[in-house]
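Architecture at a glance
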Amino acid sequence: MIKDSQAQIIDKKSWNNYYLFKLESPRIATQAHPGQFIMIRISDHPYPLLRRPFSIHSKDEKSIDIFFQVSGLGTDILSQKIVHDTLDILGPLGKGFQVGANLKGKEVVAAGGGRGIAPLYFLAQELSSHGASVKVFYGGKSLKDIPLKEKFESEGFDLYCSTDDGSFGFKGFISDYLKAELEKFTPSRIFSCGPEEMMKKIAKFATEKDIPADFSLESIMGCGFGVCWGCVKRIRKNGEEEWVKICEEGPVFSSEEIIWAEYEK
Ligand SMILES: Cc1cc2nc3c(=O)[nH]c(=O)nc-3n(C[C@H](O)[C@H](O)[C@H](O)COP(=O)(O)OP(=O)(O)OC[C@H]3O[C@@H](n4cnc5c(N)ncnc54)[C@H](O)[C@@H]3O)c2cc1C
Ligand code: FES
């Protein structure tokens with residue numbers, strides 16, 4: 001884990017409630033893998049006290065991108081930062097998606113809803129670079145909630161979009177769109193991040209169809225590196241259920257490891 005207290009915002013884009021920041025942080029960029037995250041100190045003031053976790057959306061040699069949705073005070077403060085501001089960040093944290101040469105020539109799916117699309121861009125790039133053929137399923141409430149659509153298209157990914165209100169693409173949830181498409185093809189693996197209900201549905205039909213699937217979970221994170229125990233969830237390991245720190249052992253887990261009942265409201 002690297003602490004970079006001077007990660008400068010070198011580019012900023014925004015769409016309604018969504019923001020894409022490019023942060024100059026060469027040491028973190030060098031070590032980052034898809035599915036890992038950073039913890040950002042939001043304010044120099046005591047409140048909000050806790051750093052906030054954000055997935056690494058993409059990287060180059062010297063910088064990492066984050067993509068986030070304003071969902072409370074911390075993300076609201078963050079959204080007001082401007083180019084040349086610096087952020088105090090920790091990362092890369094957690095264990096990300098397993099991406100390897102074993103997927104060469106295979107068809108795989110990356111399915112994300114809303115802000116959950118954030119880690120899937122880096123993942124899709126990495127999967128492609130390993131020779132996998134990636135179908136990206138990207139859903140949102142409305143057209144304005146799928147602002148990265150053009151970005152995925154311009155990279156040449158096979159993109160399937162859905163909106164709950166039908167303003168763009170398939171009308172309905174992205175999980176329903178994926179389920180319908182799985183009548184036509186069977187991917188070697190599904191990778192997913194997004195609202196729990198979405199991931200739960202995907203886990204269910206992936207299991208029924210015997211398709212291995214990995215999910216990036218969210219949890220309240222106090223520290224992000226295993227000290228506070230704020231992020232624990234019950235996870236199945238070697239057939240036994242245990243309390244596991246999502247920040248250290250995850251956030252990515254396979255569908256067999258996740259106890260989906262934990263996520264029932
Ligand atoms: C591993 C991980 C990666 C994430 N990646 C992204 C991302 O790439 N883009 C994105 O938009 N969001 C991401 N999130 C969610 C993001 O961290 C929360 O939206 C953010 O912390 C909310 O902070 P807030 O102060 O704006 O909201 P608050 O007003 O504090 O709370 C709003 C919501 O955010 C949740 N939340 C608050 N603090 C935390 C915290 N420390 N950790 C986790 N959840 C919290 C609350 O439970 C509540 O549901 C990620 C979360 C995790 C755990
Ligand atoms: S966030 Fe502190 S232990 Fe996981």
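Preceding block: the structure.
My aim in this report is to walk through the structure given alongside it, one point at a time. Nothing here was measured: the structure is a model prediction, and the numbers come from that model.

Digging into the site of ligand 1
The environment of ligand 1 is made up of 20 residues, and the closest members are Arg52, Pro53, Gly74, Thr75 and Met221. Contacts to ligand 1 include Gln69, whose backbone N or O atom sits 2.9 Å from an oxygen atom. Contact between ligand 1 and Arg115: an oxygen atom at 3.1 Å from a side-chain N or O atom of the residue. Secondary structure elements with two or more residues in the shell around ligand 1: β4 (52-55), β6 (63-69) and α2 (73-79). In terms of residue count, β4 provides more of the shell around ligand 1 than any other element does, four residues in total. Taken together, the residues that form the shell around ligand 1 break down as nine nonpolar, seven polar and four charged. No fewer than three residues from each of domain 1 (2-93) and domain 3 (217-265) sit in the shell around ligand 1.

Some points on the pattern of salt bridges
Applying the stated criterion across every chain yields a total of 20 salt bridges. Ionic pairing is found between Arg41 and Asp88, a salt bridge with its closest N-O pair at 4.0 Å. Of this pair, Arg41 sits in strand β3 (residues 37-41) while Asp88 sits in strand β7 (residues 86-93); the two residues are 47 residues apart in sequence, bridging distant segments of the chain. Lys237 is the salt-bridge partner of Glu249, the closest N and O atoms lying 3.3 Å from each other. Taken together, the residues span a long stretch of sequence, with Glu249 in helix α7 (residues 246-249) and Lys237 in strand β14 (residues 232-237) at a distance of 12 residues.

Comments concerning the pairing of β3
The element β3 is extensively covered by neighbouring structure, given that four of its five residues are classed as buried. Pairing of β3 with β4 involves four bridges; the strand directions are antiparallel. Within the sheet, the bridge partner assigned to Phe37 lies in β4 and is Ser55. Where β3 and β7 come together, four bridges link them in antiparallel fashion. What sits directly across from Arg41, in β7, is Asp88.

Quick notes on the rules
Residues numbered from 1 in each chain as written. Chains lettered and ligands numbered in written order. Predicted model: local features only at pLDDT ≥ 70, side-chain atom pairs only at ≥ 80, totals over all residues. Heavy atoms only, no water. Near = heavy atom within 4 Å. Polar contact = N/O pair within 3.5 Å; in protein donor to acceptor, adjacent residues only side chain to side chain. Helix = DSSP H or I, 4+ residues; strand = E, 2+ residues; numbered from the N terminus. Nonpolar A, V, L, I, M, F, W, Y, C, P; charged D, E, K, R; others polar. Domains from an automatic or database assignment. Salt bridge = Lys/Arg side-chain N within 4 Å of Asp/Glu carboxyl O. Buried < 20%, exposed > 50% of the residue type's maximum accessible area, 1.4 Å probe, protein only. Pairing = 2+ DSSP bridges.

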